[in-house]
Amino acid sequence: MIVSSAEFVKSSTEVKACPKGQYPEYAFIGRSNVGKSSLINKLTNKSKLAKTSSTPGKTQLINHFLINEQWFLVDLPGYGFAKMPLPVKKKMEVMISQYLLQRQNLMNIYVLIDSRHQPLDIDIEFMEQLAENQLAFSIIFTKADKLKKRKLEDSISKYKTKLSESWEELPAMFVTSSETGSGTNLILNDIESINTLFHLD
Ligand code: GTP
Ligand code: MG
């Protein structure tokens, strides 16, 4: 799929305030600083569409972007950012979980994982919660440019082994870099194929 237009629509503090759900929607989620906003910018070829920062905790709201006037891409705040004051953290967790559970047009959740990291409980538990709630998700490994090919393969293979301990069937997985753009086409193609399944009830 070619991205011909990408527009910021709205930042929302809760699911009730999100734009009308007339389009299929895809959310990017993962730990703070994993590269959610950067990947959105790379996918859309707009370097300043979503706000990025080297300091974790940059994205704090539910941000909707309309792509090709046909589907929404959603940038969510990261989870597991230790330095955030507890009440703010709690509020954000509620905002994210209500959004994930209640957004009717949400077609797939992309869980972003830093390809350099060992499997972390916080990510595994998050994916388990998605599965328990029957929410469809895929994994996107980010920052692939930061590892040599061999190390990258090892890291992903370790991740698969860890997931296989508790999952019979593994989710779809993508390996990306927002520096080089590698893997971004596969994500756009994935979205394109899921878009065809969207029906307004
Ligand atoms: P929060 O909004 O704070 O949750 O973070 P985020 O997940 O949106 O991360 P963001 O896109 O802001 O990126 C965090 C940092 O990682 C920035 O300094 C980015 O430049 C860097 N980064 C993101 N993706 C990549 C990548 O693919 N390669 C490299 N080398 N750096 C990346
Ligand atoms: Mg962000």
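This text gives an overview of the structure that appears in the document. Since this is a predicted model, take the numbers as computed values, not measurements.

1. Things to note about the nonpolar core
Stage number 1. Counting residues in hydrophobic clusters, the biggest one holds 33 residues, and the most contacted among them are Tyr 99, Leu 100, Ile 109, Val 111 and Met 127.
Stage number 2. At the level of secondary structure, the elements contributing two or more residues to this core comprise strand E2 (25-30), helix H2 (86-102), strand E5 (106-114), helix H3 (121-132), strand E6 (137-142) and helix H4 (149-166).
Stage number 3. Excluding its chain neighbours within four sequence positions, the residues that come into contact with Leu 100 are Leu 76, Leu 106, Ile 109, Phe 126, Leu 130 and Leu 135.
Stage number 4. Core analysis: the second largest hydrophobic core is formed by 23 residues, Val 3, Ala 6, Ala 50 and Phe 174 among them.

2. Some remarks on helix H1 (residues 36-44)
Stage number 1. Burial analysis of H1 places 7 of its 9 residues in the buried class, the great majority of the element.
Stage number 2. Of all the residues in H1, the buried ones are Lys 36, Ser 37, Leu 39, Ile 40, Asn 41, Leu 43 and Thr 44.
Stage number 3. Directly after H1, the chain includes Asn 45, whose backbone phi takes a positive value near 55°.

3. Brief notes about the site of ligand 1
Stage number 1. Ser 38, Gly 57, Thr 59, Asp 145 and Ser 178 are the nearest of the 21 residues found near ligand 1.
Stage number 2. Relative to its unbound accessible surface of 650 Å², ligand 1 loses 88% to contact with the protein.
Stage number 3. When the residues that make up the shell around ligand 1 are grouped by side-chain class, the tally is 2 nonpolar, 13 polar and 6 charged.

4. Structural notes on the packing of H3 against H4
Stage number 1. As a packed pair, H3 and H4 sit with axes 12 Å apart at the nearest point and diverge in direction by 45°. Here H3 is positioned oblique relative to H4, judged by the angle of their axes. In this structure, H3 meets H4 at a crossing whose hand is right-handed. Along the contact surface, H3 presents Asp 123, Ile 124, Met 127 and Glu 128, while H4 presents Tyr 159, Lys 162, Leu 163 and Ser 166.
Stage number 2. In terms of residue class, the contact of H3 with H4 is made up of 4 nonpolar, 1 polar and 3 charged.

5. Considering the pairing of E5
Stage number 1. The buried fraction of E5 is high, at 8 of 9 residues.
Stage number 2. Relative to E5, E2 runs parallel, the two being bridged by 6 bridges. Across the sheet, the residue bridging to Glu 25 is Leu 106, located in E5.
Stage number 3. Sheet topology note: the E5/E6 ladder contains 6 bridges and is parallel. Residue pairing for E6: Leu 112 is matched across the bridge by Ile 140.
Stage number 4. Where the polypeptide runs from E5 across H3 and back to E6, its parallel neighbour, the crossover connection is right-handed.

What counts as what
For every chain, the first residue of its written sequence is number 1, and the numbers climb from 1 along that sequence. As a convention, the first chain written is A and the first ligand written is 1, with the rest following in written order. Given that this is a predicted model, residues contribute local features only at a pLDDT of at least 70 and side-chain atom pairs are listed and counted only at 80 or more, while totals for whole chains, interfaces and linings are drawn from all residues. Working from all heavy atoms in the structure, the side-chain values ignore hydrogens and water. For this analysis, a nonpolar core means a set of buried residues of the types Ala, Val, Leu, Ile, Met, Phe, Trp, Tyr and Cys, connected via side-chain atoms within 4.5 Å. In this scheme, a residue with accessible area under 20% of its type's maximum is buried, one over 50% is exposed, and one in between is partly exposed, where area comes from a 1.4 Å probe on protein chains only. Only runs of H or I of at least four residues qualify as helices and only runs of E of at least two qualify as strands under DSSP, and these elements are numbered from the N terminus. Here, residues are in contact when the closest pair of their heavy atoms is within 4.5 Å. Near residues are defined by distance, with any heavy atom within 4 Å of the molecule or strand qualifying the residue. Method for areas: the Shrake-Rupley scheme with a 1.4 Å probe, in which residue coverage is limited to the protein chains shown. Residues were grouped as follows: Ala, Val, Leu, Ile, Met, Phe, Trp, Tyr, Cys and Pro as nonpolar; Asp, Glu, Lys and Arg as charged; and all remaining residues, including Gly, as polar. An axis is simply a line fitted to the C-alpha atoms; with a helix, the fit covers only the stretch in contact. Between two such axes, the angle follows the N-to-C directions and lies from 0 to 180 degrees. In what follows, roughly perpendicular refers to angles from 65 to 115 degrees, roughly parallel to angles under 35, roughly antiparallel to angles over 145, and oblique to any angle outside these ranges. Helix crossings get a hand from a simple test, with the near helix turned counterclockwise from the far one by less than a right angle marking a left-handed crossing and a clockwise turn marking a right-handed one. Whether two strands pair depends on DSSP finding at least two bridges between them. Here is how to tell: hold the view so the strands point away, follow the path from the first strand over the helix to the second, and if it runs clockwise the crossover is right-handed.

Bear in mind that shape data such as this cannot, by itself, settle questions of function.
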